[in-house]
Amino acid sequence: MSFPLEKFNELCEGLRMAAMSAEEVHTRFKDEMTPLETLTAFLDYQHEHKKSRLIAAKIKNARFPRIKTFKDYDFSQQDGITASQMARLCDFVWLEQAFNVVFLGAPGVGKTHLACALGYDAINAGYSVCFITLEELVRLLKTTEISKSSQTRLTQLRRANLVIIDEMGFMPVSKTEAHLLFSFVSTCYENKSLVITSNKGFDDWADFLGDQIIATAILDRLIYKCEIFNLTGEGYRISHRQTIL
């Protein structure tokens, strides 16, 4: 097939479409293709390219600490969770119904890994996701009135289909900060899904939140529609300890 690639890519650029390499042209377009088949192949390429760029942008905006997948998680090392349970969650019916997911367990059992993997699969399924630690969330809530960047990030959180709040309970918060957190959880209640990771059992939330009433109110909204996983296996970093010698 004679294919004036340079002119073709100029037209694509003018129409804000993706250019194609010679290899891509050779792979997708065959001499025996009809004009309609050629056009369909071209539009299919543009659709795939646009989708991949959108997913890449969503992953960037999510701000995962690192990309994690379920295939990288060793379910055999953990009690309280199975690969089939995570596979069922990946139909994301729960997300459409504004259910929450909570991963509880000691440090190192893979709570953040599971949360990130769930968020990553949600993005690939077409949803918008934001990842944030509790410490950063509290900072945003405290500075939203005076910081443009905090306002922007908080807007992203409120617009996302799924918000992952990591490290709930690692650091204590003040009573004022606990009230701000309650307000945020309340705005999410039955409107969007939350994924929470915590090294504290629910009975201990009042301690790090500094207020039994606020803790009860947050948990009341969080676990009303919620799947809870208690991870009790050995920590990954301990069982996979690396040595120098």
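Owing to the predicted nature of the structure, the values given are computational and were not obtained by experimental measurement.

(A) Broad picture of the packing of aromatic side chains. All chains considered together, the criterion is met by 9 aromatic pairs. Taken together through their ring pairs, the aromatic side chains of Phe92, Trp94 and Tyr127 make up a single cluster.

(B) Broad picture of helix 7 (residues 134–143). Listing the buried residues of helix 7 in full gives Leu134, Leu137, Val138, Leu140 and Leu141. Down the axis, helix 7 shows its buried residues gathered within 160° of arc, on one side only. The inward-facing, buried residues of helix 7 contact strand 2 (129–133), helix 8 (148–159), strand 3 (162–168), helix 9 (175–188) and helix 10 (205–209).

(C) Up close: the packing of helix 3 (residues 35–62) against helix 6 (residues 111–124). Two numbers describe how helix 3 lies on helix 6: the axes approach to 9 Å, and their chain directions differ by 150°. Of the two possible hands of crossing, helix 3 and helix 6 adopt the one that is right-handed. In contact with Ile55, Lys58, Ile59 and Ala62 of helix 3, helix 6 contributes Tyr120, Ile123 and Asn124. By residue class, the composition of the contact of helix 3 with helix 6 is 5 nonpolar, 1 polar and 1 charged.

(D) The sheet that holds strand 5 (residues 226–231), seen in detail. Taken in spatial order, the 5 strands line up as 2-3-4-1-5 in an open sheet, and their pairing is parallel. Two strands lie at the open edges of the sheet, namely strand 2 and strand 5, each paired on one side alone. Neighbour-to-neighbour, the strand axes of this sheet turn through a mean angle of 10°, independent of strand direction. Sheet analysis places strand 1 (residues 100–105) next to strand 4 (residues 193–198), joined by 4 bridges and oriented parallel. Directly across from Val102, in strand 4, lies its bridge partner Ile196. On top of the sheet, helix 8 reaches strand 2 and strand 3; it is set at about 125° to strand 2, its chief contact. Contacts between helix 11 (residues 212–222) and the sheet are confined to strand 1, strand 4 and strand 5, with strand 1 contributing the most and set at about 125° to the helix.

(E) Local environment of the side chain of Ser150. With respect to the helices and strands, Ser150 occurs in helix 8. In this structure Ser150 comes out as buried when scored by relative accessible area, which is 1%. Leave out the neighbours within four places in its chain, and Ser150 touches Arg139, Leu140, Thr143 and Thr144.

(F) Representation of the environment of Cys226 within the structure. Examined against the element boundaries, Cys226 turns out to sit in strand 5. For the pair Cys226 and Val101, spaced 125 residues apart in sequence, the C-alpha separation works out to 5.5 Å. Leave out the neighbours within four places in its chain, and Cys226 touches Phe99, Asn100, Val101 and Val102.

(G) View of the pattern of salt bridges. Tallied over the full model, the rule gives 6 salt bridges. Note that Asp44 and Arg28 form a salt bridge whose closest N and O atoms lie 3.6 Å from each other. Of the two residues, Asp44 is situated in helix 3 and Arg28 in helix 2 (residues 22–28); the sequence distance between them amounts to 16 residues. Residue Glu48 pairs with Arg28 through a salt bridge whose shortest N-O separation is 2.9 Å. Of this pair, Glu48 sits in helix 3 while Arg28 sits in helix 2, and the two are 20 residues apart along the sequence. With relative accessibility at 39%, the residue Glu48 sits in the partly exposed group. A relative accessible area of 24% means that Arg28 is categorised as partly exposed.

Calculation rules
Residues numbered from 1 in each chain as written. Predicted model: local features only at pLDDT ≥ 70, side-chain atom pairs only at ≥ 80, totals over all residues. Heavy atoms only, no water. Phe/Tyr/Trp six-rings, centres within 6.5 Å; stacked < 30°, edge-to-face > 60°. Buried < 20%, exposed > 50% of the residue type's maximum accessible area, 1.4 Å probe, protein only. Helix = DSSP H or I, 4+ residues; strand = E, 2+ residues; numbered from the N terminus. Arc of directions from axis to C-beta. Contact = heavy atoms within 4.5 Å. Axes fitted to C-alpha atoms, helices over the stretch in contact; angles between N-to-C directions. Left-handed = near helix turned anticlockwise from the far one by under 90°. Nonpolar A, V, L, I, M, F, W, Y, C, P; charged D, E, K, R; others polar. Pairing = 2+ DSSP bridges. Salt bridge = Lys/Arg side-chain N within 4 Å of Asp/Glu carboxyl O.

Honestly, it's all geometry; don't read function into it.
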